[in-house]
Structures are given as structure tokens and as C-alpha cells.
Amino acid sequence: MRRIHVGNALSAFGLGFTVPYLYVYVAQVRGLGATTAGFVLAVFAVAALIVLPFAGRAIVRRGPLAVLLVALVTAALGALSLGLSGSAATVLLSAAALGAGQAVMQPALATMIVDCSTAETRSRAFATQFFLQNLGLGVGGLIGGHLVDTSRVSSFTLLFAIEAAMFLLLAVVMTTVRMPHSPRIDDSPARSAQGGWKQLLGNRAMVQLMVLGFVLFFACYGQFEAGLSAYGVEAAGISTSALGTALAANTAVIVVAQFAVLRFVERRRRSRVIAAVGLIWAVAWIAAGYAGLGHASQAMATAAFVSTYALFGLGEAMLSPTVAPLVADLAPAGMAGQYNSAFALVKQLALAVGPAVGGPMGASLHAPYIVTFLLFSVGISVLALRLGRRLTESQDHPWLTRNRVVARGGATAEPVPAEA
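Residues numbered from 1 in each chain as written. Predicted model: local features only at pLDDT ≥ 70, side-chain atom pairs only at ≥ 80, totals over all residues. Heavy atoms only, no water.

Caption draft 1: Structural context of helix 15 (residues 323-330). The element helix 15 is extensively covered by neighbouring structure, given that seven of its eight residues are classed as buried. All of the buried residues in helix 15 are Val323, Pro325, Leu326, Val327, Ala328, Asp329 and Leu330. (Buried < 20%, exposed > 50% of the residue type's maximum accessible area, 1.4 Å probe, protein only. Helix = DSSP H or I, 4+ residues; strand = E, 2+ residues; numbered from the N terminus.)

Encoded structure:
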């Protein structure tokens, strides 16, 4: 588990080096224009949507470690070639390889965490993963910002080479991991990929969780770098430095609050924790509305806008030990890879649609933008409470179930997957 967490931190550190500077690199440094840069960002999402449906089945059949190593090598080659590419075609192909590799890493690492944890330790394991990911992204972005120079292509080549080196280093670390035995589904005609998806879609609780996950990522993560930032600049008059402060506040709250909220969260029903996050994010959107529509002073508007990002961070810290373990507990034995990949696919779809919808609204339709996503946040609470009705006691409130077993003098057991 320690090696897996080191791997998460390394991959996030490498991504933090390049993700904030992709647009500048393609559009300005390589001189390929804003249109090509936009296509590059779109390719990341498209590549993820193409490979994730197959990644889940590969993880189930071959194991998460083998799939992770292939994804890491693919991402390393994509990152290195992206730093050396000078034409639109090679940039787009490199971005596709990097995006596909990154997308597959997520469910593979998540499945490794599931395989190396128990019901008692899973929430803390995923909380640690989220903490290290944000820390790695923040540190990587900070260091990368001091290395790049828009007047020198070589500085960006160095940046992508460092990212590739991080992926290869992670591959080396992962080869030393000895995974515990976990159930695998044999490659047989009776258990085809189509059958795996049919079984997953027959699990109504999982389907409801995927719908809820789409709304979560669409209404929060999908707005960070597009709709909400455009709204802040256009409606609230937020400066670029204040926007950077808001993003830093989001990361700081996650890093500081993650383990502070963990003990509180893991003792509560998961459905109610997610519902509480919806209400917290509703307050965040109200703060954003005050910043842009409340005719406050510039200082008050900036403070309210920074508070919006901080409140989003608090909600994220509550979700990290809640949603991912719930996906694992809903998966039947040997199907964790399929379920993690399906949820990652929903996440990528939301991250692709979110900026496309929120960007134009945030820039021009200020009041409708705030009202729309305020309603989405309330919808999160409603969907979470409805999901709670379909979960078993061990899935929704594992801490209470464990303590009942211990009180009776028995051994703890893994939760029973939901029936289709």
C-alpha cells in the first residue's frame, strides 16, 4: 500500500508539471494556434472515453498491475513525444497517447488499493490517495511554473521529459509490488466484456451511483478551470492572481482538512455524507453569486470567490473516503476493475461536458450560471439520499456494521455486494 501511495504521488507530481501549461505550450510556444491547443485538450477527454470501456475488462482479466505498467509506458512515451513535437499531427497523436495512459492509471491504481485494503482500512486508503494526489499536483505545478520559459522551447521539452521520467519511475516502483491474491474472471465466451457491462448495468445501486458521480464531477470539477474561472473574471472582476489564490485555497483546504474530516466521515452513513457535500457546495455557489452579482466591494467579492473554492475543497475532502470505497463495496468479487473503470468513464464524460456547458454560461450568462449549478448541488443531496435507500447497511454505514460484529465477538467481513 505504501508503494501504491508513492506511485499516486509520483504520477500526480508529473501531471502537475505539465497540465497547467499545455495550452500555452501548444498555442504560443509551438505556434500552432488556439484551435490546435483546444483540440489537444479535447483529445485528452476523447482518448479517455475510448480506452476506459476496455480498461476495466483488461484489469479484471490480467490484473491491475499489468494494466498499470502498460498505461505508464504509454503515458511516458506520449509525454516525451509531446515535448519533442513540432507539428499539429504529432502533437495530437502524442496527446492521445498521454491521455489514454493517464485515464487507465486511475482505475488500475484504484483497483490495487481495493486489493490491498480491507473494509476497515479502505476509506483511509482512498483519503490518503486523494491527499497525495493534490499535494503532488500542487508541488508539481509550483515547480513547473518556475522552470518554464515561453521564449525557450527547450524549457518545455525538459518539463515533459521530467513528466515521462516520473511515469517510468512509477513503473519501476510498481514492479516491486507483490499484489495479494484476488479473484479473477477467466477469459471465456460465457463471461464476455458485453456480459460484464450487462451485469454492471443490472446493478441498480451502481447505476444510481454513476448518475450521482456524473452530477458531482459535472457540477464541481468540470467548472474549476472553465465556467467558474470565466465567471470570476467576467462577473466578479477577479484578477488572475486572485484566481490563483482561489485555486491554492482549494488545494490547501484539501491538504489540511483531509484527515481532520476522515474520522467524522467514516462514522457516518455514506449517502448522508454525500448529501451534506451537496449542501456545502450549494453554499459555495451562493458565495460565488454574491461575489459576482451582489455588488460588493472588490475585496469582498474576492474573499467570497476564494471562499467558493475553499468550500469546494472541503466537499472534495469528504468525498474522497466515501465515493471510491462505495464503488469497491458495490462490486462483486473479481469485478472491482470493471466497476472502477466504469466510474472513471463517467468522471471523464462529466469533465468533458462540464467545461463545454459551463464555460460559455460562466462568461456571459452570469445569473443563470449560478442558479443552474446551485440547483445541481441541491440535486446531489437528493440523489444521494435516494441512493441510500438502495444500499445495504454494510455498504452505507460500514463503521456501524463492523462495530456490531466486534460487539458480538465475531470477525469483520467484507460487505456483501448489492444484488442486481
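Caption draft 2: Representation of a positive patch on the surface within the structure. A surface patch of positive charge is lined by Arg204, Arg386, Arg389 and Arg390. Secondary-structure assignment places Arg390 in the loop between helix 17 (366-388) and helix 18 (393-396). (Patch = residues over 30% accessible without salt bridge, like charges linked within 9 Å, V, L, I, M, F, W, Y side chains within 5 Å. Areas by Shrake-Rupley, 256 points an atom, 1.4 Å probe, with all protein chains shown as cover. Salt bridge = Lys/Arg side-chain N within 4 Å of Asp/Glu carboxyl O. Lys, Arg positive; Asp, Glu negative; His and termini not counted. Charge placed at Lys NZ, Arg CZ, Asp CG, Glu CD.)

Caption draft 3: How the structure looks around empty space enclosed by the protein. Taken as a whole and judged by the stated rule, the model has one cavity of 30 Å³ or more. Lining the largest cavity are 12 residues, and of these Ser123, Glu266, Arg270, Pro321 and Pro398 lie nearest its centre. Of all elements in the fold, only helix 12 (240-266) and helix 19 (398-407) reach the threshold of two or more residues within the lining of the largest cavity. Of the residues belonging to the lining of the largest cavity, the class tally is five nonpolar, two polar and five charged. (1 Å grid on protein atoms, 1.4 Å probe; cavity = no way out; pocket = protein on both sides within 12 Å on 5 of 7 lines; lining within 4 Å. Points joined across faces, edges and corners; volume = space filled by probe spheres on them. Nonpolar A, V, L, I, M, F, W, Y, C, P; charged D, E, K, R; others polar.)

Caption draft 4: Main features of the side chain of Ser341. The topology assignment puts Ser341 in helix 16 (residues 336-364). Looking at Ser341, the relative accessible area reads 1%, which means it is buried. Ser341 has contacts with Leu52, Ala55, Gly56, Ile59 and Pro107, leaving out every residue within four places of it along the chain. (Contact = heavy atoms within 4.5 Å.)

Caption draft 5: Expanded view of the confidence of the model for the chain. Overall, the predicted model of the chain reaches an average pLDDT of 82, with 90% of residues at or above 70. The least confident element of the chain, judged by mean pLDDT, is helix 19 at 60; the most confident is helix 17 at 93. Ignoring residues within four places in sequence, the model shows residues 411-420, a span with pLDDT below 50, making 29 contacts including any to other chains. (pLDDT = per-residue confidence, 0-100.)

Caption draft 6: Broad picture of the nonpolar core. With 69 residues, the main nonpolar core has Met206, Leu209, Leu228, Trp281 and Phe305 as its most contacted residues. Those residues in contact with Leu228 that sit more than four places away from it in its chain are Gln223, Trp285, Ala288, Phe305, Thr308, Tyr309, Phe312 and Tyr369. Formed by 52 residues, the second largest nonpolar core is a distinct cluster that contains Tyr21, Ala76, Val91 and Leu159. (Core = buried A, V, L, I, M, F, W, Y, C linked by side-chain atoms within 4.5 Å.)

Caption draft 7: Seen up close, the packing of helix 5 (residues 88-115) against helix 6 (residues 122-147). It is at 10 Å that the axes of helix 5 and helix 6 come closest, and there the two elements cross at 145°. Regarding helix 5 and helix 6, the two cross each other, and that crossing is right-handed. Of helix 6, the residues touching helix 5 (which contributes Ala110, Ile113 and Val114) are Arg122, Ala125, Phe126 and Gln129. Each residue belonging to the contact of helix 5 with helix 6 can be placed in one class, and the counts come to five nonpolar, one polar and one charged. (Axes fitted to C-alpha atoms, helices over the stretch in contact; angles between N-to-C directions. Left-handed = near helix turned anticlockwise from the far one by under 90°.)

Caption draft 8: Spatial organisation of the pattern of salt bridges. Taken as a whole and judged by the stated rule, the model has five salt bridges. Between Arg122 and Asp329 there is a salt bridge; the shortest N-O distance is 3.0 Å. Linking Arg122 in helix 6 with Asp329 in helix 15, this pair joins segments that are 207 residues apart in sequence. Taking the relative accessible area as the measure of exposure, Asp329 reaches 4% and is therefore buried. Here Asp396 ties to Arg269 by a salt bridge, and the two come within 3.4 Å at their closest N and O atoms. In this pair, Asp396 sits in helix 18 while Arg269 sits in the loop between helix 12 and helix 13 (270-293), placing the two residues 127 residues apart along the sequence.

Caption draft 9: Representation of the environment of Glu316 in the model. Among the secondary structure elements, Glu316 is positioned in helix 14 (residues 298-319). A residue is classified by how much of its surface remains accessible, and Glu316, at 2% relative accessible area, is buried. Put simply, Glu316 and Ile143 are 173 residues apart on the chain and 24 Å apart in space, counted from C-alpha to C-alpha. Excluding its chain neighbours within four sequence positions, the residues that come into contact with Glu316 are Phe130, Cys220, Tyr221, Phe224, Asn250, Ile254 and Trp281.

Caption draft 10: Representation of the environment of Val353 within the structure. Positionally, Val353 belongs in helix 16. We classify Val353 as partly exposed; its relative accessible area is 30%. Note: C-alpha distance between Val353 and Ala45 (308 residues apart in sequence) is 9.5 Å.

Caption draft 11: Expanded view of the packing of aromatic side chains. For the structure on display, the rule yields 16 aromatic pairs. Ring centres of Trp285 and Phe373 lie 5.3 Å apart, and the angle between their planes is 25°; this geometry places the pair in the stacked category. Of this pair, Trp285 sits in helix 13 while Phe373 is found in helix 17, placing the two residues 88 residues apart along the sequence. In terms of burial, Trp285 and Phe373 fall into one category: buried. In this structure an aromatic cluster arises from ring pairing among Phe214, Phe218, Tyr231, Trp281, Trp285, Phe312, Tyr369, Phe373 and Phe376. (Phe/Tyr/Trp six-rings, centres within 6.5 Å; stacked < 30°, edge-to-face > 60°.)

Caption draft 12: Representation of the environment of Ala164 within the structure. Assignment of secondary structure puts Ala164 in helix 7 (residues 153-174). Taking the relative accessible area as the measure of exposure, Ala164 reaches 5% and is therefore buried. C-alpha separation for the pair Ala164 and Gly14, spaced 150 residues apart in sequence, amounts to 7.5 Å. Look past the residues within four positions of Ala164 in its chain and what remains in contact with it is Ala76, Ala79 and Leu80.

Caption draft 13: Structural view of a nonpolar patch on the surface. A cluster of nonpolar residues, Leu135, Val139, Leu142, Ile143, Leu147 and Leu158, forms a patch on the protein surface that exposes about 470 Å² of accessible area. By the secondary structure assignment, Leu147 is in helix 6.

Caption draft 14: Looking closely at the packing of helix 5 against helix 7. The geometry of helix 5 relative to helix 7 is characterised by a closest axis approach of 13 Å and an angle of 30° between their N-to-C directions. Between helix 5 and helix 7, the angle falls in the class roughly parallel. Both helix 5 and helix 7 take part in a crossing whose hand is left-handed. From helix 5, Leu98, Gln102, Met105 and Met112 reach across to helix 7, where they touch Glu163, Phe167 and Met174. In the contact of helix 5 with helix 7, the residues fall into five nonpolar, one polar and one charged. (Parallel < 35°, antiparallel > 145°, perpendicular 65-115°, else oblique.)

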